[in-house]
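Architecture and fold: a report
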Amino acid sequence: MTRVVMLNDNSEAFTKKVNEMTNDMITLCEQCGICSTSCPVAEDMDIPPSEIMRLVQLGDEYVLETKAIWVCASCYTCTVRCPRGVDLSKVTEALRQINLRTNVNYLDIDNLDSEEVEELPAIALVSAMRKYTG
Ligand code: SF4
Ligand code: SF4
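Residue indices follow the written sequence of each chain, beginning from 1 at its first position. Here chains are named by letter from A upward and ligands by number from 1 upward, in the order in which they appear as written. Under the rules for a predicted model, residues below a pLDDT of 70 receive no local features and side-chain atom pairs below 80 are neither given nor counted, while totals for whole chains, interfaces and linings still include all residues. To obtain the side-chain values, all non-hydrogen atoms of the structure were included, while hydrogens and water were left out.

1. Some words on the packing of helix α4 (residues 49-58) against helix α7 (residues 88-100)
Let me state the cut-off plainly: Axis definition: a line fit to C-alpha positions, over the contact stretch in the case of helices; interaxial angles, taken between N-to-C directions, run 0 to 180 degrees. Where helices and strands are cited, they refer to DSSP runs of H or I of at least four residues and of E of at least two residues respectively, numbered from the N terminus. Note on angle classes: values under 35 degrees are labelled roughly parallel, values over 145 roughly antiparallel, values of 65 to 115 roughly perpendicular, and the remainder oblique. The crossing is said to be left-handed when, going from far helix to near helix, the turn is anticlockwise and less than a right angle, and right-handed when the turn is clockwise. Two residues form a contact once any of their heavy atoms are found within 4.5 Å. In this classification, Asp, Glu, Lys and Arg are treated as charged, Ala, Val, Leu, Ile, Met, Phe, Trp, Tyr, Cys and Pro as nonpolar, and every other residue, Gly included, as polar.
At their nearest, the axes of α4 and α7 sit 11 Å apart, and the two run at 60° to each other. Taken together, α4 and α7 sit at an angle that is classed as oblique. The element α4 and its partner α7 pack so that their crossing is left-handed. Contacts from P49, I52, M53 and V56 in α4 reach L88, V91, T92 and L95 in α7. Split by residue class, the contact of α4 with α7 holds 7 nonpolar, 1 polar and no charged.

Right under this line is the structure:
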């Protein structure tokens, strides 16, 4: 589905902020799309990895609302294949951090099914808490 890009007075500052948080990864991307065709979890994302990059380049903060930034498994497949050396996992991490710093957690531990929690390995819970909560 095509979506109209939404820019505002904060768009430039938003791009600059993410660029700084990722050691200038944003300006490197040339939109070749290789990350999107390489990502093993792209099918579970609402927008492909290259679109994450494009929205940040444009300064469209809608990218903060996407499921894709939480689905990224930081597997580095795209990083290995990117012709520009972009570490996309660093970008999704920065976007998650911006969200988590507003004290909005992506995972509500109190509302998890207690039986499911008991079956989960402790390391999975710890990892989830680190990734999805501020
Ligand atoms: S592979 Fe690299 S340059 Fe190509 S779209 Fe993805 S991040 Fe941008
Ligand atoms: S690091 Fe994230 S975006 Fe890149 S291939 Fe892995 S899951 Fe996909």
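2. Digging into the packing of aromatic side chains
Cut-off, in case you're wondering: Classification of ring pairs uses Phe, Tyr and Trp, with its six-membered ring standing for Trp, and accepts pairs whose centres are within 6.5 Å; under 30 degrees between planes counts as stacked, over 60 as edge-to-face, and the remaining range as tilted.
Using the criterion set out here, one finds 1 aromatic pair in the structure. With a centroid separation of 5.9 Å and 40° between ring planes, the pair formed by W70 and Y132 is classed as tilted. Residue W70 is found in helix α5 (residues 68-71), and its partner Y132 is found in helix α9 (residues 122-132); the two are separated by 62 residues along the sequence.

3. Quick look at unusual backbone geometry
Put simply, the rule is: The buried label goes to any residue with under 20% of its type's maximum accessible area, the exposed label to any with over 50%, and the partly exposed label to all in between, with areas taken from a 1.4 Å probe on protein chains only.
Notably, Q31 is not glycine yet its phi reads approximately 60°, a positive angle. Along the polypeptide, Q31 turns up in the loop between α2 (25-28) and α3 (34-38). We classify Q31 as partly exposed; its relative accessible area is 32%. Unusually for a residue other than glycine, S74 sits at a positive phi of about 50°.

4. A look at the domain arrangement of the protein chain
In plain terms, the rule: Each domain's extent is set by a domain assignment, obtained either automatically or from a database. For any pair of parts, buried area is found by adding up, for both, the accessible area (1.4 Å probe) each one loses once the two are put together. Any Lys or Arg side-chain nitrogen located within 4 Å of an Asp or Glu carboxyl oxygen qualifies as a salt bridge. Polar contacts, as counted here, are pairs of nitrogen or oxygen atoms within 3.5 Å of one another; within protein the pair requires one atom able to donate a hydrogen and one able to accept it, and residues that are adjacent in sequence qualify only if both atoms are side-chain atoms.
Looking at the assigned domains, one finds that the protein chain contains domain 1 (11-102) and domain 2 (106-134). For domain 1 versus domain 2, the separation of C-alpha centres amounts to 24 Å. Of the residues lining the interface, 7 residues belong to domain 1; the matching set on domain 2 comes to 5 residues. Carbon and sulfur atoms make up 60% of the surface buried where domain 1 meets domain 2, a total of about 500 Å² over both sides. Together, W70, R96 and L100 form the three largest contributors to the area buried by domain 1 at its contact with domain 2, with a combined 85%. Our count for the domain 1 to domain 2 interface comes out at 0 salt bridges. Our count for the domain 1 to domain 2 interface comes out at 3 residue pairs in polar contact (both at pLDDT 80 or more). Of all the secondary structure elements, the ones that give two or more residues to the side of domain 1 that touches domain 2 are α5 and α7. Looking at side-chain class alone, the side of domain 1 that touches domain 2 contains 5 nonpolar, no polar and 2 charged residues.

5. A few points about the site of ligand 1
Heads up, the rule is: One heavy atom within 4 Å of a molecule or strand is enough for the residue carrying it to be called near that molecule or strand.
Around ligand 1, the structure places 13 residues, and the nearest of them are C29, C32, G33, C35 and C82. Counting only elements with at least two residues in the shell around ligand 1, the list comes to α3 and α4. Each residue belonging to the shell around ligand 1 can be placed in one class, and the counts come to 8 nonpolar, 3 polar and 2 charged.

6. As for the packing of helix α1 (residues 11-21) against α4
Where α1 contacts α4, the axes come no closer than 7 Å and their chain directions differ by 125°. In terms of their interaxial angle, α1 and α4 are classed as oblique. For the pair α1 and α4, the contacting residues are S11, F14, T15 and V18 in the first and V56, Q57 and L58 in the second. A class-by-class count of the residues in the contact of α1 with α4 yields 4 nonpolar, 3 polar and no charged.

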